[in-house]
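Chain by chain, the residues:
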Amino acid sequence: MAVSFKSALMPLAMAVALSFSAVGAASADALTENFDNGIPLGWTTVNNSAPTGFTSWTTGNTDVFGAYDGSADSYVSSNYNAVLGSGTISDWLILPTSTYRNGDTLSFFTRTDVNSSFPDNLEVRFSTVGGVDVGNTATSVGTFDTLLLTINPAQNVGGYPEFWTQYSVSLSGLTGDTTGAFALRYVLSDAGIDANNGNYIGIDSLDITSTPLAAVPEMETYLMMAAGLGLIGWMRKRKSRAVPASQQA
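Residues numbered from 1 in each chain as written. Predicted model: local features only at pLDDT ≥ 70, side-chain atom pairs only at ≥ 80, totals over all residues. Heavy atoms only, no water.

By the naming in an unreviewed UniProt entry, the protein goes by Choice-of-anchor J domain-containing protein and is assigned to Duganella zoogloeoides.

In structure tokens form, the structure reads like this:
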């Protein structure tokens, strides 16, 4: 039984399409965290406040306000007691090291107490090497030297949202797949119970959304494409020999 040229190439076309589809489905690490169990396993807290207080990032306090989503205490928080008496607050919450690329997005909800008389401030930072190196002073940032977002950097009263508000940042400028880490930093000067700044902030419903990899053909795809081109050339040559010159167009 004769097999048409179109039928002979159909398995090849299907194989090429499958190869492209499989490679394009890959993506970087993604994350969703609702803090149902407090500080997640693998996250790191570092309190570099000076002088260091007796609290750091911990489970949310329902006496101040409830979570954005889930049970009332399913969020994390930091407050003015991160520094002892008065000084500079630098309280870090560091996410696990993972793989990132341009376009990956971190989003979260945050707020302070209603009618707060003491301003708060939060930074979102990124390290292009990952890990937990934030230095060891109230002003150091270690390898987390990429500042992506600051909420209320001027430390103005009323400058931090008093109701759950979503913020998001996207990565750019990376040279390719990068081993890195995000960090949230509660940071204030002239802060503490005996100072003018610092009250209480919460973080909830944090997500990292990954950017899908572009479809890149594998070596098998190139080989199949080359085989297909060879088959096309052979079929054309065979057809030209089978048809008399007088009948060719």
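Here the narrative resumes, following the displayed structure.
### Considering the packing of aromatic side chains
For any pair of aromatic rings, the description consists of the separation of the ring centres together with the inter-plane angle of the planes. Definition in use: Pairing of aromatic rings covers Phe, Tyr and the six-membered ring of Trp, with a centre-to-centre limit of 6.5 Å; geometry is then stacked below 30 degrees between planes, edge-to-face above 60, and tilted otherwise. Helix and strand labels come from DSSP, where a helix needs a run of H or I of at least four residues and a strand needs a run of E of at least two; each type is numbered from the N terminus. The rule is simple: take the accessible area with a 1.4 Å probe, protein chains only, and divide by the maximum for that residue type; under 20% is buried, over 50% is exposed, in between is partly exposed.
Across all of its chains, the model carries 12 aromatic pairs by this definition. Taking the centre distance of 6.4 Å and the plane angle of 70° together, the rings of Tyr68 and Trp164 count as edge-to-face. Separated by 96 residues along the polypeptide, Tyr68 in the loop between strand E4 (58-59) and strand E5 (76-79) and Trp164 in the loop between strand E10 (146-151) and strand E11 (165-170) bring together distant segments of the chain. By relative accessible area, Tyr68 is classed as partly exposed at 40%. Taken together, a centroid distance of 5.6 Å and an interplanar angle of 80° make the contact between Tyr100 and Phe126 edge-to-face.

### Thoughts on the side chain of Asn197
This is how the line gets drawn: Side-chain atoms alone can form a polar contact between residues adjacent in sequence; in general such a contact is a pair of N or O atoms within 3.5 Å, and within protein one must be able to donate a hydrogen while the other accepts it. What makes two residues a contact is simply this: any of their non-hydrogen atoms within 4.5 Å.
Structurally, Asn197 is set in the loop between strand E12 (178-191) and strand E13 (200-209). Side-chain polar atoms of Asn197 contact the backbone oxygen of Ser189, separated by 2.9 Å. When near neighbours in sequence (up to four residues on either side) are disregarded, Asn197 contacts Phe118, Pro119, Gln155, Leu188, Ser189, Asp190, Ala191 and Gly192.

### Observations concerning the side chain of Thr112
Examined against the element boundaries, Thr112 turns out to sit in strand E8 (residues 105-112). Judged by its relative accessible area of 2%, Thr112 is buried. Within the local environment of Thr112, its side chain forms a polar contact with the backbone oxygen of Tyr200, the two atoms lying 2.6 Å apart. Leaving out residues up to four positions away in the same chain, Thr112 has contacts with Phe65, Asp120, Tyr160, Pro161, Glu162, Asn199 and Tyr200.

### Concerning empty space enclosed by the protein
In this approach, a probe sized like a water molecule rolls over the atoms, and the result shows the empty space that is left. Going by this rule: Definitions used throughout: a 1 Å grid over protein atoms alone; a cavity as a set of points that fits a 1.4 Å probe which cannot get out; a pocket as an open set with protein on both sides within 12 Å along at least five of seven lines; a lining residue as one with an atom within 4 Å of a point. Grid points are joined across faces, edges and corners, and a volume is the space filled by probe spheres set on the points. Amino acid classes used here: Ala, Val, Leu, Ile, Met, Phe, Trp, Tyr, Cys and Pro are nonpolar; Asp, Glu, Lys and Arg are charged; the rest, including Gly, are polar.
The full count for this structure, using the stated rule, is one cavity of 30 Å³ or more. The calculated volume of the largest cavity comes to roughly 50 Å³. Taken together, Thr112, Ser116, Phe118, Pro119, Asp120, Asn152, Asn156, Val157, Gly158, Gly159, Tyr160 and Glu162 form the lining of the largest cavity. The residue inventory of the lining of the largest cavity, partitioned by class, reads four nonpolar, six polar and two charged.

### Thoughts on the pairing of strand E9 (residues 122-127)
Note the following rule: In this scheme, strands are said to pair when DSSP sees at least two bridges between them.
A large share of E9 lies buried, amounting to six of its six residues. Judged by which residues are buried, E9 turns out to be covered on both faces: Leu122, Val124 and Phe126 on one side and Glu123, Arg125 and Ser127 on the other are all buried. Note: E9 against E10, five bridges, orientation antiparallel. Residue pairing for E10: Leu122 is matched across the bridge by Ile151. Here six bridges tie E9 to E12, and the two strands are oriented antiparallel to one another. Among the inter-strand pairings, Leu122 is bridged to a residue of E12, identified as Tyr186.

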